[in-house]
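Examination of the molecular architecture
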Amino acid sequence: MSARNTKQAPDGGWGWAIVVASFMGQLLAYGSPQSVGVLYPEWLNTFQDGKGMTAWVGSLVSGVGLIASPICSACVVNFGARPVTIFSGVMVSGGLMLSAFAPNVQFLIFSYGIVVGLGCGLVYAATVTITCQYFDKRRGLALGIVTTGTSIGGFLYATAQNEFIALFGLDGCLLLIGCFALNIIACAGLMRPLHLPAYYLKQRAALAEKAEEKVLEKTPDMEDPIKKNQSVNVLITAETKEPPPYEKKSLLSYVALVRLMKKKQKEYTEYLNSTRELLQNRVFLAMCVSLFAYCLGAYTPLLFLEDLAQSEGLINGISTIPLVSIMSIAAGVGKLLLGIMIDIRWMNSIFLYAFTLLGSGVALLIIPVTKNYAGLQVISAVLGFFSGNWSVIPYMTTKVVGMDRLTEAYGILMFFGGFSIMLGPPVAGWIYDWMHSYDLAFYFSGSFVLLGGAGLFLSALSCWNKNQEETNTPETEYTNDYEKVATVA
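This text gives an overview of the structure that appears in the document. None of these values were measured; they are calculated from a predicted model.

For the protein chain, the count of helices and strands is 20 helices and zero strands. Residues classed as buried in the protein chain amount to 50% of the 489 residues present. A sequence separation of at least 24 residues applies to 86% of the contacts in the protein chain between residues at least 6 apart. By element, 65% of the accessible surface of the protein chain is carried by carbon and sulfur atoms, the whole surface being about 23700 Å².

Written as structure tokens, this is what we have:
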């Protein structure tokens, strides 16, 4: 373990200022993406494009950050949480303001879906990393407070965006929330680093090495004059046989490049072999498939429920408390309660996660037969509560693969989830464009979520005892390694 990771976490003090700054950073960054269902009907009315194409905007803003999470974590480890948060604030704010001037949906896919999505991924990685640096014993509590910012942000922004659209129009709304996002930069000011990032350590080591070389060059040579003359003669005779300097330099560069390529090839081969070993674990493979199936259907109501209520005539105009607000606040409650439940000694985290998937699938299948707005509000609360199951995934992954492989396994899971989130809403939108009804889209989503939950439950049931014995590893192995914890928090 490196020296920068051994510094004692204060577990309080300035750490609570870090928690407040990180909470606000996630609230400001994720507020609009978590309530994108409010903006979706406005984009449909403005650009008159298909629901499937327009759905790419909302799916990318959630999926891109997950798929790019390894890159975002690497940026934080190398450059630190404060610079990355400042840069992400510019990205989120700039993407939202650019979206106000979007001439078509394709431009929105870039400005809102990709730019804002990457900015949110960077904010999440930076805030979680800096929180893990400052907390050890109270890390679970600190991370729970910080990550609740996304849910509270979605709840507040859904109502705020409705009011802004009514007062200033869609363009004015996007400009205003883009201005709010600039406050992420102010949050970064509080993120005083506890450990120096890897980039600064490398720069410091390089400067120390250069200074040492200069000192050695200035040191007078105290060697014997006779030996010195002999070595000079040898050098002179050797010079006539050596190639020109430029050829020697190019040869050395070629050798260095070949060595670097071989080293990278070896690392990639080892990573692929390790990934293959993980996927050979039946329960972990079932987790990947179930997460893919869940994300394929679970993000459909976040984008389409508000449009469904308006198109079916279940509500006139804009609701005071939109459905996405109900989903967001219920998700925050779900994160806390499900997190508390998995701490119960007899609770099986895999079965608990499978139960949330089964409950979400049933709720999705009930949506097409619900013919009043109050029923949709109840279903939104149920779906939001069960979407808090993201807090269960790290614990469940640890039980299946062990703490030593948690970082790698969680990255694989996030790739499956992010890729599925990008596909789910557009597929549901294309189904609507084809059938001119949301019924088949929600039946499709609910069926996939149910299949994912049932498959995970059966896989865990058949070999749970075996996996429990194999993965009974100490969970404190990387307690102080904040880089690994940040990647999986």
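Turning our eyes to something else, we now look at a nonpolar patch on the surface. A contiguous nonpolar surface patch, about 680 Å² in accessible area, is contributed by Val362, Ile366, Val369, Trp434, Met435, Leu440 and Tyr443. For the nonpolar patch, the elements supplying multiple residues, two or more each, are helix H15 (349–366), helix H18 (406–435) and helix H19 (439–470).

Now for the side chain of threonine 300. Positionally, threonine 300 belongs in helix H13 (residues 300–311). The class of threonine 300 is buried, set by a relative accessible area of 1%. Residues in contact with threonine 300, not counting those within four places in the same chain, are Leu305, Gly424, Ala428, Phe442 and Ser445.

So, on to helix H16 (residues 373–386). For H16, with 14 residues, the first-to-last C-alpha span of 20 Å sits near the 20 Å given by 1.5 Å per residue. Among the residues making up H16, those that are buried are Tyr373, Gly375, Leu376, Ile379, Ser380, Leu383, Gly384 and Phe386. In an axial view of H16, the angular spread of the buried residues amounts to 165°, which keeps them on one side of the axis. The elements touched by buried residues of H16 are helix H12 (282–298), H13, helix H14 (323–341) and H15.

Summed over the entire model, instances satisfying the criterion amount to 16 aromatic pairs. Seen in terms of ring centroids, tryptophan 56 and tryptophan 430 are 6.2 Å apart; in terms of plane orientation they differ by 65°. Their pairing is edge-to-face. Taken together, the residues tryptophan 56 in helix H3 (residues 51–67) and tryptophan 430 in helix H18 connect sequence positions 374 residues apart. Ring centres of phenylalanine 355 and phenylalanine 386 lie 6.0 Å apart, and the angle between their planes is 85°; this geometry places the pair in the edge-to-face category. Linking phenylalanine 355 in helix H15 with phenylalanine 386 in helix H16, this pair joins segments that are 31 residues apart in sequence. Linked through ring pairs, Tyr40, Phe304, Tyr432, Tyr438 and Phe442 together constitute an aromatic cluster. Over the face of the ring belonging to tyrosine 432 we find lysine 51, whose NZ or CZ atom lies 4.5 Å from the ring centre. Over the aromatic face of tryptophan 14 sits the side chain of arginine 192, whose NZ or CZ is 4.7 Å from the ring centroid.

It is worth spelling out the packing of H13 against H16 at this point. The geometry of H13 relative to H16 is characterised by a closest axis approach of 11 Å and an angle of 175° between their N-to-C directions. Judged by the angle between their axes, H13 and H16 are roughly antiparallel. Contacts between H13 and H16 involve Pro301, Leu305, Glu306, Leu308 and Ala309 on the former and, on the latter, Tyr373, Leu376, Ser380 and Leu383. A class-by-class count of the residues in the contact of H13 with H16 yields seven nonpolar, one polar and one charged.

The next subject is the nonpolar core. Residues Trp43, Tyr112, Phe284, Tyr353, Ile367 and Trp390 are the most contacted members of the largest nonpolar core, which totals 99 residues. A total of ten residues in this core trace back to one element, the largest contributor, which is H18. If sequence neighbours within four positions are ignored, tyrosine 112 has contacts with Ser32, Pro33, Val36, Leu39, Trp43, Val57, Val61, Gly95, Leu96, Ser99, Gly117 and Leu174. In this structure, Val19, Cys72, Met91 and Ala126 belong to the second largest nonpolar core, which totals 19 residues.

By the secondary structure assignment, valine 400 is in helix H17 (residues 393–401). When its relative accessible area of 2% is taken as the criterion, valine 400 is described as buried. Taking C-alpha positions, valine 400 is 9.5 Å from methionine 287, a pair spaced 113 residues apart along the chain.

In this fold, phenylalanine 304 is placed in helix H13. Overall, the relative accessible area of 0% leaves phenylalanine 304 in the buried class. C-alpha of phenylalanine 304 to C-alpha of glycine 37: the two residues are 267 residues apart in sequence and 6.3 Å apart in space. Discounting residues that sit within four places of it in the chain, phenylalanine 304 has contacts with Tyr40, Ala55, Pro425, Ala428, Gly429, Tyr438 and Phe442.

What counts, and where the lines are drawn
- Residues numbered from 1 in each chain as written.
- Predicted model: local features only at pLDDT ≥ 70, side-chain atom pairs only at ≥ 80, totals over all residues.
- Heavy atoms only, no water.
- Helix = DSSP H or I, 4+ residues; strand = E, 2+ residues; numbered from the N terminus.
- Buried < 20%, exposed > 50% of the residue type's maximum accessible area, 1.4 Å probe, protein only.
- Contact = heavy atoms within 4.5 Å.
- Areas by Shrake-Rupley, 256 points an atom, 1.4 Å probe, with all protein chains shown as cover.
- Patch = residues over 30% accessible without salt bridge, like charges linked within 9 Å, V, L, I, M, F, W, Y side chains within 5 Å.
- Salt bridge = Lys/Arg side-chain N within 4 Å of Asp/Glu carboxyl O.
- Expected span 1.5 Å × (residues − 1).
- Arc of directions from axis to C-beta.
- Phe/Tyr/Trp six-rings, centres within 6.5 Å; stacked < 30°, edge-to-face > 60°.
- Lys NZ or Arg CZ within 6 Å of the ring centre and 35° of its normal.
- Axes fitted to C-alpha atoms, helices over the stretch in contact; angles between N-to-C directions.
- Parallel < 35°, antiparallel > 145°, perpendicular 65-115°, else oblique.
- Nonpolar A, V, L, I, M, F, W, Y, C, P; charged D, E, K, R; others polar.
- Core = buried A, V, L, I, M, F, W, Y, C linked by side-chain atoms within 4.5 Å.

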